[in-house]
Amino acid sequence: MTGFGVNHIRKIYLLIAIISVFLAGSKPIDPFPQVEIKNGLIHARLYLPDHKNGYYRGSRFDWSGVIPELGYKGHTYFGQWFENYSPLIHDAIMGPVDAFNPVGYAEAKAGDLFLKIGIGMVTKPEESKYSFVTPYPIANGGKWKVKKRSDRVEFTHTLKDKNYAYTYKKLVQLKKDKPEMALICQLKNTGKQTIETQVYNHNFFQIDNQTIGPDYKVTFPFKLTSEVEGKPELGKIRNNQILFQKELAKSEHLFFQSLQGFGTSSKDYDIKIENKKTGAAVRITGDQPLAKLVFWSAQKTICPEPYINIKVKPGETFRWTINYQFYIAEKTNPD
């Protein structure tokens, strides 16, 4: 009996060791509602809007189109660039996500509601001005519907409130036989008040998990100017490009609050990001003229932020599209 017991215990220890090795090498379980899409060239994973279990439940970014993972030719383009996570942290989010400026904020008093498209009606606290960092309580989150096919996901957010109402749709689509992704959006005003705002895509790129620095360059189709120089020791403007002087440290950020030089045509909504070390690159184009252009970068993410204007009268629909073309650029600093 004693020998049997020893052998039995040894088998248990061996089984535990095997399971431990397997778990150590396996991918952690991701508990959030999500889907995967692919077109033979690109594969992507998207988190889904969910008021109870969603990955992102903050009051800054539109809840649709959150992409924690996108791969093309062995390269990755999105991922977790921040350290601390909570579903309510304003920027604990990944992918080419949109943020709409608040609607009706100036008219609202403390305790009243104002509109954040893609989120719903949120409560205004006692404060002197709007801040995207503030976790505004969501009073009316509307309803989300999701339709999924193998190469696309369509998000629909329907909101009905006494002051504002809309149907907002975003289609995230991988193009057939092309290394391209489109964000096809439309906003239909079903309420009684005009909806006038700006929306920008934050483009939280994290290319091949590389630290942001001199291996990156960002190119625009026009000569850039900026009223504020930013931090020249970190990066600078050279003609139509933003170039980095050094790798960003954990606490460093390169920020240009208002870049100028663009015109009134949508042809200036054309941005290229290239990683000269790995070759991974992306071209971003839009079908609307730029209203504003911001650039921000942290140690693990690089973010051109193009804004467009939106004005939708009751009964009208506004449409816009952003295209992402993924490609491999020539390496100038090969491994």
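All values reported here derive from a predicted model rather than from experimental measurement.

Q: Which parts of the structure should I look at to understand the pattern of salt bridges?
A: Any two side chains of opposite charge can pair, so long as their charged atoms come close to each other. Following the criterion strictly, the structure yields 10 salt bridges and no others. We note a salt bridge from E274 to K217, for which the minimum N-O separation is 3.7 Å. Note that E274 is positioned in strand β20 (residues 270-275) and K217 in strand β14 (residues 216-219), a separation of 57 residues in sequence. Take E274: its relative accessible area is 15%, and that puts it in the buried class.

Q: Is there a simple way to think about the sheet that holds strand β10 (residues 152-160) in this case?
A: Sheet strands line up and pair through hydrogen bonds in the backbone, either parallel or antiparallel. With respect to topology, 10 strands assemble into an open sheet ordered β9-β10-β11-β12-β24-β21-β20-β14-β17-β16, the strand pairing being antiparallel. Pairing within the sheet leaves two strands with one partner each, and these edge strands are β9 (143-149) and β16 (235-238). Within the sheet, the average angular offset between the axes of one strand and its neighbour, ignoring direction, is 15°. Pairing of β9 with β10, which is carried by seven bridges, proceeds in the antiparallel orientation. Following the sheet pairing, V146 is matched in β10 by F155.

Q: Looking at this structure, how should I read the environment of K145?
A: Its location among the elements puts K145 in strand β9. As for K145 and V35, which are separated by 110 residues in sequence, their C-alpha atoms are 14 Å apart. If sequence neighbours within four positions are ignored, K145 has contacts with E154, F155 and T156.

Q: Help me understand the pairing of strand β21 (residues 280-286), please; the structure alone is not making it clear to me.
A: A regular strand carries its side chains on alternate faces of the sheet. Counting buried residues in β21 gives five out of seven residues, a clear majority hidden from the surface. Pairing between β20 and β21: five bridges, direction antiparallel. Along β21, the bridge assignment pairs E274 with A281. In sequence, β20 turns back onto β21 through a hairpin of four residues, with G279 there showing a positive phi of about 90°. Of the pairings in the sheet, the one linking β21 to strand β24 (residues 317-328) comprises seven bridges and is antiparallel in character. Bridged to G286 within β24 is I322.

Q: Looking at this structure, how should I read the nonpolar core?
A: Burial of nonpolar side chains together is a common tendency in soluble globular proteins. Formed by 91 residues in total, the largest nonpolar core has its most connected members in Y77, F205, W320 and F326. Here the element with the most residues in this core is strand β23 (residues 301-312); it accounts for six residues. Residues within four places of Y77 in sequence aside, it is in contact with L70, Y72, F204, F205, Q206, I207, A280, A281, V282, F326 and Y327.

Q: Help me understand the sheet that holds strand β6 (residues 113-116), please; the structure alone is not making it clear to me.
A: If you trace the three strands from one edge of the open sheet to the other, you get β6-β7-β8, paired in antiparallel fashion. In this open sheet, the two strands that pair with only one neighbour each are β6 and β8 (138-140). Taking each pair of neighbouring strands and ignoring which way they run, the sheet shows an average axis angle of 45°. Of the pairings in the sheet, the one linking β6 to strand β7 (residues 120-123) comprises four bridges and is antiparallel in character. Bridging from a neighbouring strand, L113 pairs with T123 of β7.

Q: Just to check I follow, could you spell out the pairing of strand β3 (residues 66-72) for this structure?
A: Extensive coverage of β3 is indicated by the burial of six of its seven residues. Both strand β2 (residues 42-47) and β3 contribute to a ladder of five bridges, which runs antiparallel. Its bridge partner lying in β3, A44 is registered against L70. Across two bridges, the pairing between β3 and strand β4 (residues 75-76) is antiparallel. Residue pairing in the sheet places Y72 in a bridge with H75 of β4.

What counts and how
- Residues numbered from 1 in each chain as written.
- Predicted model: local features only at pLDDT ≥ 70, side-chain atom pairs only at ≥ 80, totals over all residues.
- Heavy atoms only, no water.
- Salt bridge = Lys/Arg side-chain N within 4 Å of Asp/Glu carboxyl O.
- Helix = DSSP H or I, 4+ residues; strand = E, 2+ residues; numbered from the N terminus.
- Buried < 20%, exposed > 50% of the residue type's maximum accessible area, 1.4 Å probe, protein only.
- Pairing = 2+ DSSP bridges.
- Axes fitted to C-alpha atoms, helices over the stretch in contact; angles between N-to-C directions.
- Contact = heavy atoms within 4.5 Å.
- Core = buried A, V, L, I, M, F, W, Y, C linked by side-chain atoms within 4.5 Å.

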